[in-house]
Amino acid sequence: MTEAEFFRMPSSLRRLFATILVFCEPSDVRSLWNKHLEAMSEDYSRNCKCKHTVEQMVLKNIRDMLQSMGKDIESFPLPKIDQQHETTDDVPREIIEESSIEVDHEEISLNKNLNNEQREAYDKILAAIECQRGGIFFVDGPGGTGKTFLYRALLATIHGQGKIAVATATSGVAASIMPGGRTAHSGFKIPLKIDDGAICGFTKQSGTAKLLKAASLIIWDEASMTKRQTVEALDKSMRDIMDKQELPFGGKTVVFGGDFRQVLPVVRKGTRAQIVDASLRRSQLWNSMCQLKLVRNMRAQNDKWFAEYLLRIGNGTEETNKDGEILIPTSICVPNKTNDNSLDKLIDSVYQMDNTSLKDPKYITSRAILSTRNDSVDRINLKMIDRFQEEEMVYHSFDSVEDDPHNYYPPEFLNTLTPNGLPPHMLKLKVNCAIILLRNIDPANGLCNGTRLVVRGFQKNTIDAEIVVGQHYGMRVFLPRIPLCPSDDDMFPFSFKRKQFPVRLSFAMTINKSQGQTIPNVSVYLPEPVLSHGQLYVALSRATATSNIKVLAGTHDGKKNKKTSTSGTYTKNIVYKEVLTK
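Chains are numbered independently. Their residues run from 1 in the order of the written sequence. Only residues with pLDDT of 70 or above have their local features reported here, since the model is predicted, and side-chain atom pairs are shown and tallied only from 80 upward, although totals for entire chains, interfaces and linings are computed over all residues. Here the side-chain values reflect all heavy atoms present in the structure, with hydrogen atoms and water set aside.

(A) Region of the structure containing the overall build of the protein chain. Where helices and strands are cited, they refer to DSSP runs of H or I of at least four residues and of E of at least two residues respectively, numbered from the N terminus. When its secondary structure is counted, the protein chain shows 21 helices and 23 strands. Overall, the protein chain is about 80 × 60 × 50 Å in size when its C-alpha atoms are taken along their principal axes. Taken over 582 residues, the protein chain has a buried fraction of 56%. The contact criterion used throughout is that any non-hydrogen atoms of two residues lie within 4.5 Å. Excluding contacts between residues fewer than 6 apart, the proportion of contacts in the protein chain whose partners are at least 24 apart in sequence is 74%. Accessible areas in this description were obtained via Shrake-Rupley with a 1.4 Å probe; residue shielding takes into account the shown protein chains only. For the protein chain, the accessible area works out to roughly 25800 Å², and carbon and sulfur atoms hold 48% of it. The charge count treats Lys and Arg as positive and Asp and Glu as negative. His and the chain ends do not count. Positions of charges follow a simple convention, taking NZ of Lys, CZ of Arg, CG of Asp or CD of Glu. Here the protein chain carries 75 positive and 69 negative side-chain charges, and the mean point of each set is 4 Å from the other. In this scheme, a residue with accessible area under 20% of its type's maximum is buried, one over 50% is exposed, and one in between is partly exposed, where area comes from a 1.4 Å probe on protein chains only.

(B) Region of interest: the sheet that holds strand S6 (residues 290-293). Pairing between two strands requires that DSSP report at least two bridges joining them. In space, the six strands of this open sheet follow the order S3-S2-S4-S5-S1-S6, with parallel pairing throughout. Two strands lie at the open edges of the sheet, namely strand S3 (182-183) and S6, each paired on one side alone. With six bridges connecting them, strand S1 (residues 135-140) and strand S5 (residues 253-258) associate as parallel partners. Looking at S5, one finds that Asp-140 is bridged to Gly-258.

(C) Region of interest: the nonpolar core. Residues grouped as a nonpolar core are buried Ala, Val, Leu, Ile, Met, Phe, Trp, Tyr and Cys residues, joined through side-chain atoms within 4.5 Å. Grouped together as the largest cluster of nonpolar side chains are 79 residues, with contacts concentrated most on Leu-429 and Phe-507. For this core, the leading source of residues is helix H1 (residues 10-23), giving seven residues. Judged by nonpolar contacts, the second largest core, of 65 residues, contains Leu-211, Val-263, Val-538 and Leu-540.

(D) A look at the sheet that holds strand S18 (residues 503-505). As summarised here, the arrangement of the five strands in space is S15-S14-S13-S12-S18, forming an open sheet in which the pairing is antiparallel. Two strands bound the open sheet, and with one partner strand each, they are strand S15 (476-480) and S18. The sheet shows a mean angle of 45 degrees between the axes of neighbouring strands, taken without regard to direction. Both strand S14 (residues 462-467) and S15 contribute to a ladder of five bridges, which runs antiparallel. By the bridge assignment, Ala-465 is partnered in S15 with Val-477. Contacting S14 and S15, H1 runs over the sheet at an angle of about 30 degrees to S15. To obtain an axis, a line is fitted to C-alpha atoms, over the contacting stretch when the element is a helix, and the angle between two such axes runs from 0 to 180 degrees between their N-to-C directions.

Note that all results are geometric; they support no functional claim without further evidence.
Laid out in structure tokens, this is it:
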């Protein structure tokens with residue numbers, strides 16, 4: 001907190017304080033409050049000279065932040081909020097937040113630019129809302145067909161009518177694109193570990209339940225990525241709070257969207273059959289959904305051949321060789337050699353390493369290098385950060401094992417581990433470099449797992465970063481070190497904990513992390529073939545045209561590259577065709 005005060009941003013300091021309360025387990029909350037109250041209230045103090053009133057304003061702001069993080073300010077030893085100054089008339093915070101979403105003038109006119117397919121879907125969904133008869137819709141379409149554009153048009157129309165619309169998505173990145181968007185797990189209080197028959201974690205009397213009852217429309221984007229049990233849990237909870245057990249989702253109008261050609265739900269160590277069974281297409285609710293198909297690919301409308309090629313890859317119909325591999329067009333391939341020079345060429349094809357470009361956040365977020373594995377991603381990110389000429393900071397994590405009194409697992413060993421979903425032990429950052437958030441810190445305010453940011457400054461214990469995607473573009477935040485544990489409890493025979501900043505470099509990212517994003521300029525690094533259904537399709541479909549994509553496939557360790565021959569470059573394409581049909 002003392003380091004962050006150097007940047008003199010009171011609103012960001014309050015958010016940092018709330019983050020520390022939730023994630024950092026401070027030993028003396030009241031002392032922390034007393035020490036930094038003046039800095040956190042500097043903006044309020046300019047317009048109000050009453051110290052008590054200013055303190056109340058700070059408390060209420062922090063309370064709202066804590067609530068958006070799923071915590072109650074009453075559980076922390078802070079000064080009490082004067083209830084007589086409350087003006088919400090017991091209206092739940094969730095409804096106040098949704099009702100206060102501002103409708104941009106440009107958003108209101110989006111419905112005028114819908115194509116015929118989008119217009120048909122738009123009219124059917126609005127008709128269900130206006131008749132209050134409810135309905136379940138699934139907007140199905142490949143990447144680039146305008147699913148997000150349709151959602152934004154619907155949200156603008158509903159918000160413009162003074163009604164409530166709840167916008168969620170399976171991934172944080174997809175959620176950040178929509179006004180008021182947040183992840184489905186945080187918005188619906190869905191348990192992270194879920195089985196058949198589960199329900200959401202809210203009660204009938206909660207603010208979430210009251211919000212869902214008041215909502216005219218619920219949108220869930222990237223639903224093809226989530227397990228069917230999460231959708232079924234929401235269905236059970238909605239029937240309960242609406243007291244309409246016979247109607248799907250209690251008679252509400254719910255719009256799902258996605259593309260089953262893309263990556264399917266993650267089932268740890270799951271077989272093909274288990275992964276397919278976990279998909280939404282295997283849910284009993286699927287047959288109740290009205291299918292709204294979008295086919296016209298606007299992202300690749302000037303590159304028809306590329307759009308058709310992507311569709312064949314997604315459908316698993318692209319011609320293969322005798323080894324079951326597809327040919328990657330020569331026009332998008334980087335020549336593969338046995339040294340590291342090929343990877344450098346791939347990097348150069350997407351990033352121009354002049355300081356003017358790299359200081360522009362729009363330049364950084366309009367391009368990325370995608371790969372299948374974290375070790376490949378880390379390798380590229382380290383290459384990229386070494387090319388930067390800005391001020392550098394290296395952060396080392398504090399690693400430990402719970403219940404290890406005999407020190408069987410020394411820190412030197414733990415430092416070598418980088419579990420999936422955790423930051424590396426050595427995190428090298430430079431000013432203006434791109435990073436990606438690895439945890440849901442404050443989803444309602446843009447800090448979701450998958451949010452891309454740019455580093456604007458740092459101290460020993462804080463990173464000053466700027467959100468550079470979605471509706472919270474340009475917002476400055478402070479990030480502290482927090483304790484992090486692997487999401488897979490069975491990964492190690494011990495309970496591993498890493499205290500580190502919850503970020504990674506994001507010049508390169510995994511293919512799975514990129515799903516839900518449109519990245520105009522993409523390079524794909526495939527030292528090994530893709531690992532699961534839809535990965536190749538997702539990687540290639542992030543770009544907007546063949547001129548904006550390059551692929552480097554095959555080994556680069558001095559071994560003979562069996563995937564490249566005089567006839568072209570071939571790679572594996574994994575498609576579970578059973579999930580593409582009813």
